[in-house]
Amino acid sequence: DTAVSQTPKYLVTQMGNDKSIKCEQNLGHDTMYWYKQDSKKFLKIMFSYNNKELIINETVPNRFSPKSPDKAHLNLHINSLELGDSAVYFCASSPRTRETQYFGPGTRLLVL
Amino acid sequence: AQTVTQSQPEMSVQEAETVTLSCTYDTSESDYYLFWYKQPPSRQMILVIRQEAYKQQNATENRFSVNFQKAAKSFSLKISDSQLGDAAMYFCAYRGWTDMRFGAGTRLTVKP
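All residue numbers here refer to positions counted from 1 along the written sequence of the relevant chain. Written order decides the labels, with chains lettered from A and ligands numbered from 1. Since the coordinates come from a predicted model, pLDDT governs what is reported: local features require at least 70, and pairs of side-chain atoms require 80 or more to be given and counted, while whole-chain, interface and lining totals use all residues. Hydrogens and water are ignored here; the side-chain numbers use all heavy atoms of the structure.

**Q** Account for the overall build of chain B, with residues named and values stated.
**A** On a plain count of helices and strands, chain B comes out with zero helices and twelve strands. Beginning at the N terminus, the succession of helices and strands in chain B can be written as β-β-β-β-β-β-β-β-β-β-β-β. Overall, chain B is about 40 × 25 × 20 Å in size when its C-alpha atoms are taken along their principal axes. We call a residue buried when its accessible area falls under 20% of the maximum for its residue type, exposed when it is over 50%, and partly exposed in between, using a 1.4 Å probe and counting protein chains only. Each of the 112 residues in chain B was classed as buried or not, and the buried ones make up 51%. Contacts: residue pairs with any heavy atoms within 4.5 Å of one another. Across chain B, every contact between residues at least 6 apart in sequence was considered, and the portion connecting residues at least 24 apart equals 54%. Accessible surface is estimated by sampling points in the Shrake-Rupley manner with a 1.4 Å probe; for residues, cover comes only from the protein chains shown. With the model as given, the accessible surface of chain B reaches about 5,400 Å², and the carbon-plus-sulfur share is 47%. Within chain B, one finds 12 positive and 11 negative side-chain charges whose respective centroids are separated by 3 Å. Each helix is a run of DSSP H or I of at least 4 residues and each strand a run of E of at least 2, with the numbering of both proceeding from the N terminus. By the counting scheme adopted, Arg and Lys are positive, Glu and Asp are negative, and His together with the chain ends is not counted. Where a charge sits is defined by one atom per residue type, namely NZ (Lys), CZ (Arg), CG (Asp) or CD (Glu).

This is how it looks when you write it as structure tokens:
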């Protein structure tokens, strides 16, 4: 069984479109995260939720909006996509806020 | 904001030899966690080892061990008896109370 899953794995879209990436974890963890990894492999945290409450909200454009319908899901919605949004987006979860994180397989987003 | 520095963009090691990857960090907190994550070509991020800052004893996990120097804010990873499967990007990470940072990564090549 996949512990942290993301859909889709690949996403190719045009500039200006709106898209969503879904994340689900079946580990019973309280905390979930979204990261962006750029073409140079630099990994930057975007958001973190603990028990559906936003606890880390880094400086990202407000075109990015996380949504946590329940503890097991943390979705990322991106409005008005730009070329610079092209990256791999990782979802992760941890039992509590500062414990080991378990990562999803990543979603490669390409904006044309 | 806390910073994490990995000064070695690339490292190379002969199979069965030992290699040490460097990591330094900047923080004003006294209670935090440090991690090493591995990202092979498959893109999946996997925990290698974790260290709680309040623990003086260095963490070990089979062939992987750390040298944690809290006063120097240094957290190096030693890989003993290197194997071909160790080839990957290695990321050092810092987790404070409200902050999560990754270093830029070190690409490790293992030569047969």
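**Q** Outline the overall build of chain A, listing residues and values.
**A** In terms of regular secondary structure, chain A is built from zero helices and eleven strands. In chain A, the order of α-helices and β-strands from amino to carboxyl end is β-β-β-β-β-β-β-β-β-β-β. The buried share among the 112 residues of chain A stands at 46%. Expressed as a percentage of contacts within chain A between residues at least 6 apart in sequence, the contacts between residues at least 24 apart total 54%. Just so you have it, chain A exposes about 5,400 Å², and 49% of that area is on carbon and sulfur atoms. Of note, chain A has its 14 positive side-chain charges centred 4 Å away from the centre of its 11 negative side-chain charges.

**Q** Tell me about the sheet that holds strand 7 (residues 64–70) of chain A, residues and numbers included.
**A** Residue and element names in this part refer to chain A. Two strands pair under a simple rule: DSSP has to find at least two bridges between them. Pairing within the open sheet is antiparallel, and its four strands lie in the order 1-3-8-7. The two strands at the open ends of the sheet, each matched to only one other strand, are strand 1 (4–7) and strand 7. Neighbour-to-neighbour, the strand axes of this sheet turn through a mean angle of 20 degrees, independent of strand direction. As paired elements, strand 7 and strand 8 (residues 73–78) share five bridges and run antiparallel to each other. Residue pairing across strands places Pro66 opposite Leu76, the latter belonging to strand 8. Lines fitted to C-alpha atoms define the axes, with helix axes restricted to the stretch in contact, and inter-axis angles between N-to-C directions lie between 0 and 180 degrees.

**Q** Give me the lowdown on the state of the cysteines, citing residues and values where you can.
**A** By definition, disulfides here are pairs of cysteine sulfur atoms that lie within 2.5 Å. Summed over all chains, the structure comprises two disulfides over all chains. Disulfide pairing is shown between Cys23(A) and Cys91(A); the S-S distance is 1.8 Å. Judged by the torsion about the S-S bond (-75 degrees), the Cys23(A)/Cys91(A) disulfide is left-handed. Here the residue Cys23(A) occupies a position in strand 3 (residues 19–25), and Cys91(A) occupies one in strand 9 (residues 87–94), the gap between them amounting to 68 residues. Paired through a disulfide, Cys23(B) and Cys92(B) show a sulfur-sulfur distance of 2.0 Å. Across the S-S bond of Cys23(B) and Cys92(B) the torsion is about -70 degrees, and the bridge reads as left-handed. Here Cys23(B) is found in the loop between strand 3 (19–21) and strand 4 (24–26), whereas its partner Cys92(B) is found in strand 10 (residues 88–95), with 69 residues between them in sequence. Given the relative accessible area of 1%, Cys92(B) is considered buried.

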